[in-house]
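Here is what each chain is made of, one letter per residue.
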Amino acid sequence: MPEGDTLHRIALRMQPLVGGLVEALSLPRGTQPTAHLVGKRIVSIEARGKNLLVTFEGRWVLHTHLRMNGAWRLRARDDRPLSSRFPRGTVVHLATATHEALCTNAPTVVLARAGSLRFDPLASLGPDLLADEVDLDAMVRRLRAADETPIGLAVMDQRLVAGIGNVWKSEGLFARGLDPFAPVARFADDELRALLAHLHMAMQANVDGRAHRRALVPARGGPRITRLSVGGAREGHAVYERAGAPCLACGTRVERRKQGTRSTYVCPRCQPARSPTPGSAA
Ligand SMILES: [Zn+2]
């Protein structure tokens, strides 16, 4: 499932479209008219949490959310004529004079005037962990509003902090040695801040392409980025989808546990159960 870092990487890859004039825009599954945008300039393409926003001249915004299987692809046109046949599952075809982009299998595709949506899913979105200016203290305050919620669910609540999905949830909590099933109230502000700082660093490294085949492993003196030996981890993950394999930090078997409707991967030794702080009301 694409998470915030993947969306930011897609947004970076799509930048060649920005500044170009729309030569074609079609939404094969949708009923919204698009002809009025032909000839208009593409003003910006940006990720907000797990959403991708393409903004056109005249404040029109194309919003896609990729959920589990959605994808965006871009290719240079190299003087080729525009595609007229699209692959199965195409939900957006967008072209300028130089580039052509296809979005497939995204369940959310909305074209609307900025600010005009009656129900705007972006309005309730929390601050983006991968925004240019990230305010970690504000994010800690938002997590605090979910004090009763297990931290493994709270960090994935896009209304609190946008961008973290199932993979980074498991990887981040493991790297910081935090118990995913303990409510947010059992963690100090400093721990929440360090978790968010860590995820910001790790996800940003992934956007920049620096984290390829690296996993984040807790170590004495704090977490560090460890380059994994061949076969040490699946796609550079320390715990995600490594149930039954030895923890890269301590050798204990990694466990897969159900949390909400998803799986959480934990090392029971590196992430000991967090009991209520003695003397606190939690
Ligand atoms: Zn361990």
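Residues numbered from 1 in each chain as written. Predicted model: local features only at pLDDT ≥ 70, side-chain atom pairs only at ≥ 80, totals over all residues.

A. Representation of unusual backbone geometry. The phi angle at arginine 59 is positive, at roughly 65°, despite the residue not being glycine. By the element assignment, arginine 59 lies in the loop between β3 (51-56) and β4 (60-65). The class for arginine 59 is exposed, based on 12 C-beta atoms found within 10 Å. If you check the backbone angles, asparagine 105 has positive phi at about 60° while not being a glycine. (Helix = DSSP H or I, 4+ residues; strand = E, 2+ residues; numbered from the N terminus. Buried ≥ 20, exposed ≤ 12 C-beta atoms within 10 Å, placed from the backbone.)

B. Helix α2 (residues 136-144), seen in detail. Listing the buried residues of α2 in full gives Met139, Val140 and Leu143. Each buried residue of α2 lies within a common arc of 105° when the element is viewed along its axis, so the set occupies one face. Summarising the geometry of α2, the exposed residues directed more than 90 degrees from the buried face are Asp137 and Ala138. Against the buried residues of α2 lie α3 (151-154) and α5 (189-207). (Arc of directions from axis to C-beta. Contact = placed C-beta atoms within 7 Å.)

C. Fine view of the confidence of the model for the chain. Averaged over all residues, the pLDDT of the chain is 85; the fraction at 70 or higher stands at 86%. Scored below 50 in pLDDT, residues 219-225 shows nine contacts in the model against residues more than four places distant or in partner chains. Low pLDDT, under 50, characterises residues 227-234; the predicted model gives this stretch 13 contacts beyond four residues in sequence or across chains. (pLDDT = per-residue confidence, 0-100.)

D. Representation of the pairing of strand β7 (residues 99-104). Along β7, the buried face is formed by His99, Ala101 and Cys103; none of Glu100, Leu102 and Thr104, which line the opposite face, is buried. The pairing of strand β5 (residues 71-76) with β7 spans six bridges and is classified as antiparallel. Across the sheet, the residue bridging to alanine 71 is threonine 104, located in β7. Two strands pair when backbone bridges link them, and strand β6 (residues 90-95) and β7 are joined in this way by five bridges, in the antiparallel orientation. Within β7, the position partnered with leucine 94 by the bridge is alanine 101. (Pairing = 2+ DSSP bridges.)

E. Structural context of the sheet that holds β5. Across the sheet, which stays open at both edges, the four strands sit in the order β1-β6-β7-β5 with antiparallel pairing between neighbours. If you trace the sheet from one side to the other, it starts and ends with β1 (24-26) and β5, each paired once. Pairs of neighbouring strands in the sheet enclose a mean axial angle of 15°, with direction left out of account. Pairing of β1 with β6 involves three bridges; the strand directions are antiparallel. Each bridged residue has a counterpart across the sheet, and for leucine 25 the counterpart in β6 is leucine 94. (Axes fitted to C-alpha atoms, helices over the stretch in contact; angles between N-to-C directions.)

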